[in-house]
Amino acid sequence: MVLFTAEEKAAVTSLWGKVNVEEAGGEVLGRLLVVYPWTQRFFDSFGNLSSPSAIMGNPKVKAHGKKVLTSFGDAIKNMDNLKGAFAKLSELHCDKLHVDPENFRLLGNVMVIVLASHFGRDFTPDVQAAWQKLVAGVANALAHKYH
Amino acid sequence: MSLTKAERTIVVSMWGKIATQADVIGMEALERLFSSFPQTKTYFPHFDLHPGSAQLRAHGSKVLAALGDAVKSIDNVAGALSKLSELHAYVLRVDPVNFKLLSHCLLVTVASHFPADFTADAHAAWDKFLSTVSRVLTEKYR
């Protein structure tokens, strides 16, 4: 089980309070699809993903990105029990969505990079370390129910 | 996975900005690596790894200088990094998984210093470029 120190929790929650979930969500998912184009395999129904600008401007990408990041917000409220918090979503990603858990790791790292670009100097090495722990915990929690 | 002409152009032009702060960026990337992925410290038992240490600064510069060599010969990264590739294969033997970790920390550092330039296109080009560098450096491992 991942254990977060008080400092790590503070680093995560204080930053999260300043995140525009809608905007950031679109950017995170968009960048995943741009930087790792093979991840587009899950989004055939999303329409035009033919170029970086098409992807970043795609309304379905933005909407889905917002959904994903809102879910991350739930993780942050449940940092002491990520596996419990994500049990249902884990089953969904395995049984219905058939997503390779490696994709959770890719998304987590893209998220860290987007946070770095938004928060600049405030995204210190210590803050990054707390977030790396969180995204790894979420990725593991989402993979936990796979069978 | 080789770089397109457009990707090379992006990498080379961003390098112009990165190079002006190469030392800071190199050191910061290493600091981020050691903070987020403490297991990477096992390769540096002989170093003072406190943030700001002279050794960290020197090593960060070294890493960025090598990246600069790769950028200058972006059409032939394997040629430019041939000696370094041998060093990593026969002497340093850093497990290949760590190149992804350092590449990630380099991207985080660049994103935090140059947010306006680090567009989705630039992110993709740099991720690909660093993958290429990583591949070259581990090419002779076995």
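Residues numbered from 1 in each chain as written. Chains lettered and ligands numbered in written order. Predicted model: local features only at pLDDT ≥ 70, side-chain atom pairs only at ≥ 80, totals over all residues. Heavy atoms only, no water.

By the naming in an unreviewed UniProt entry, chain B is Hemoglobin subunit zeta, taken from Camelus dromedarius. In UniProt, chain B has this text filed under Sequence similarities (unreviewed entry): "Belongs to the globin family." Per UniProt, chain B has the following entry under Function (unreviewed entry): "The zeta chain is an alpha-type chain of mammalian embryonic hemoglobin." (UniProt positions renumbered as here; feature names shortened; annotations may be inferred.)

You'll find chain A entered in an unreviewed UniProt entry as Hemoglobin subunit epsilon-1, with Camelus dromedarius given as the organism. Per UniProt, the comment on chain A under Sequence similarities (unreviewed entry) is "Belongs to the globin family."

Participant: Honestly, the packing of helix α2 (residues 22–36) of chain B against helix α6 (residues 97–113) of chain B in this entry has me stumped. Any pointers?
Facilitator: Packed helices, taken two at a time, are described by their axes: the angle between them and the distance between them. Residues and elements named next belong to chain B. Interaxial distance between α2 and α6 falls to 8 Å at its minimum, and their mutual angle equals 125 degrees. What the angle tells us is that α2 and α6 run oblique. In terms of crossing hand, the pair formed by α2 and α6 is right-handed. Contacts between α2 and α6 involve Val24, Ile25, Glu28, Ala29, Leu30, Arg32 and Leu33 on the former and, on the latter, Leu101, Leu102, Cys105, Leu106, Val108, Thr109, Ser112 and His113. Grouping the amino acids of the contact of α2 with α6 by side-chain chemistry returns 10 nonpolar, 3 polar and 2 charged. (Axes fitted to C-alpha atoms, helices over the stretch in contact; angles between N-to-C directions. Helix = DSSP H or I, 4+ residues; strand = E, 2+ residues; numbered from the N terminus. Parallel < 35°, antiparallel > 145°, perpendicular 65-115°, else oblique. Left-handed = near helix turned anticlockwise from the far one by under 90°. Contact = heavy atoms within 4.5 Å. Nonpolar A, V, L, I, M, F, W, Y, C, P; charged D, E, K, R; others polar.)

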